[in-house]
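One letter stands for each residue in the lines below.
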Number of protein chains: 2
Amino acid sequence: MSKQGLAGLGQDGVDDCCPGLLTAPLDEAWSVELAKVFKALGDPIRLRLLSMIASRAGGEVCVCDLTPAFDLSQPTISHHLKLLRQAGLIDCERRGTWVYYWLLPEMTDRLAGILTRPAGRPLPEPAGTAGDA
Amino acid sequence: MSKQGLAGLGQDGVDDCCPGLLTAPLDEAWSVELAKVFKALGDPIRLRLLSMIASRAGGEVCVCDLTPAFDLSQPTISHHLKLLRQAGLIDCERRGTWVYYWLLPEMTDRLAGILTRPAGRPLPEPAGTAGDA
């Protein structure tokens, strides 16, 4: 596990903490951390859960309102939510019987930034012929 | 496989083809397509390959320049490149002995857009108390 973990990604205020994916080759440690977050997003159930949480008016949602949307058991839903939480995409709090979830927008902001082309540098079209061997 | 596949995502010019992840609950078919792309990004080797391709001056890179950066066999690298290509993130062309790869920036643009908060609508902070049961 690298010190440059994505766990701290949304916690500091440093805008240049995270090299873009399109600007320079990623180093190995950073690619490992970043892959964990994309892997968490690489499942349709987790994407639907994340979108339900993120788009909820009021900013948070009770797990009791998430489960009925899926033909899955409560433990399965909870497992998917745990993976989203471990990736730093959401957080939660138990209140009485239920657990409430909310988006950590710093993480989705970072991912959007990482996937955005560098300003003033449109990516070139590939040449018709090989530029180098 | 849905008709709204991500295969066509970078091929049409329709900006509103792809619902954002943060604006409304994703439908099931769309979440399946989107998860495939994030899953392709959910691997450190593929992230490093993509960053090497995307950041290459001239816009394309020979597979012969990618392989030496990894302690992996040529077939393994080619397999990872194939998964990136199947996800619509890169494309390639064989010229003589070698295959040349380039980024499909429409796809990373789309992903960045999907992860971006809706304009003029900052995501609310979670309330201190439950808003609904």
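An unreviewed UniProt entry annotates chain A as Transcriptional regulator originating from Streptomyces violaceusniger.

Asker: For this particular structure, what's the right way to read the sheet that holds strand E1 (residues 61–62) of chain A?
Answerer: Sheets are built from strands paired through backbone hydrogen bonds, the pairs being either parallel or antiparallel. Residues and elements named next belong to chain A. Pairing within the open sheet is antiparallel, and its three strands lie in the order E1-E3-E2. Two strands close off the open sheet at either side, each with one partner strand: E1 and strand E2 (90–95). Where E2 meets strand E3 (residues 98–103), six bridges bridge the pair, whose relative direction is antiparallel. Counted as the bridge partner of Ile90 is Leu103 from E3. Helix H2 (residues 44–54) rests against E1, E2 and E3 of the sheet, and its axis sits at about 85° to E3.

Asker: For this particular structure, what's the right way to read the nonpolar core?
Answerer: Ranked by size, the top nonpolar core spans 70 residues in total, and within it Leu89 of chain A together with Leu89 of chain B carry the most contacts. With near-sequence residues (within four places) excluded, Leu89 of chain B lies in contact with Val37, Ala40, Leu41, Leu50, Leu84, Leu103, Leu104, Met107, Thr108 and Leu111 of chain B.

Asker: Would you mind showing me how to read the packing of aromatic side chains here?
Answerer: The geometry of an aromatic ring pair is captured by the separation of the ring centres together with the interplanar angle, meaning the angle of the planes. Under the counting rule described, the total for this entry stands at one aromatic pair over all chains. Each ring, one from Phe38 of chain A and one from Phe38 of chain B, has its centre 6.1 Å from the other, and the planes form 15°; the classification is stacked. In this pair, Phe38 of chain A sits in helix H1 (residues 28–41) while Phe38 of chain B sits in helix H1 (residues 28–41), so the two residues belong to two different chains. With relative accessibility at 0%, the residue Phe38 of chain A sits in the buried group. The positively charged end of Arg95 of chain A is found above the aromatic ring belonging to Tyr100 of chain A, 4.8 Å away from the centroid.

Asker: Where do I start with the state of the cysteines in this structure?
Answerer: Chemically, a disulfide is nothing more than a covalent bond linking the sulfur atoms of two cysteines. Residues and elements named next belong to chain B. Enumeration according to the criterion identifies two disulfides over all chains in this entry. Note on cysteine connectivity: Cys62 is disulfide-linked to Cys64, with sulfurs 2.2 Å apart. The sign of the S-S torsion, about 130°, decides the handedness of the disulfide formed by Cys62 and Cys64: right-handed. By relative accessible area, Cys64 is classed as buried at 17%.

Asker: Can you walk me through helix H4 (residues 74–86) of chain A in this structure?
Answerer: Residues spaced three or four apart along an α-helix point in a common direction, a consequence of the helix completing one turn every 3.6 residues. Residues and elements named next belong to chain A. With 13 residues, H4 extends 18 Å between its outermost C-alpha atoms, agreeing within 8% with the 18 Å of an ideal straight helix rising 1.5 Å per residue. Those residues of H4 lying buried are Ile77, His80, Leu81 and Leu84. The buried residues of H4 occupy an angular sector of 100° when the element is viewed end-on, so they sit on one face. Along H4, the residues that are exposed and aim more than 90 degrees away from the buried face are Pro75 and Gln86. Packing partners of the buried residues in H4 comprise H1, H2, helix H3 (63–66), E2 and E3.

Asker: What is the right way to look at the pattern of salt bridges in this model?
Answerer: Where side chains of opposite charge bring their charged atoms close, a pairing between them can arise. Counted under the stated rule, the structure contains 12 salt bridges over all chains. The closest approach of N and O atoms between Asp109 of chain B and Arg117 of chain A, which form a salt bridge, is 2.4 Å. Here Asp109 of chain B is found in helix H5 (residues 105–114), whereas its partner Arg117 of chain A is found in the segment after helix H5 (105–114) on a different chain. Exposure remark for Asp109 of chain B: the relative accessible area of 32% places this residue in the partly exposed category. The closest approach of N and O atoms between Glu93 of chain B and Arg95 of chain B, which form a salt bridge, is 2.7 Å. Exposure remark for Arg95 of chain B: the relative accessible area of 18% places this residue in the buried category.

Here is what the cut-offs are and how they apply
Residues numbered from 1 in each chain as written. Chains lettered and ligands numbered in written order. Predicted model: local features only at pLDDT ≥ 70, side-chain atom pairs only at ≥ 80, totals over all residues. Heavy atoms only, no water. Pairing = 2+ DSSP bridges. Helix = DSSP H or I, 4+ residues; strand = E, 2+ residues; numbered from the N terminus. Contact = heavy atoms within 4.5 Å. Axes fitted to C-alpha atoms, helices over the stretch in contact; angles between N-to-C directions. Core = buried A, V, L, I, M, F, W, Y, C linked by side-chain atoms within 4.5 Å. Buried < 20%, exposed > 50% of the residue type's maximum accessible area, 1.4 Å probe, protein only. Phe/Tyr/Trp six-rings, centres within 6.5 Å; stacked < 30°, edge-to-face > 60°. Lys NZ or Arg CZ within 6 Å of the ring centre and 35° of its normal. Disulfide = S-S within 2.5 Å. Expected span 1.5 Å × (residues − 1). Arc of directions from axis to C-beta. Salt bridge = Lys/Arg side-chain N within 4 Å of Asp/Glu carboxyl O.

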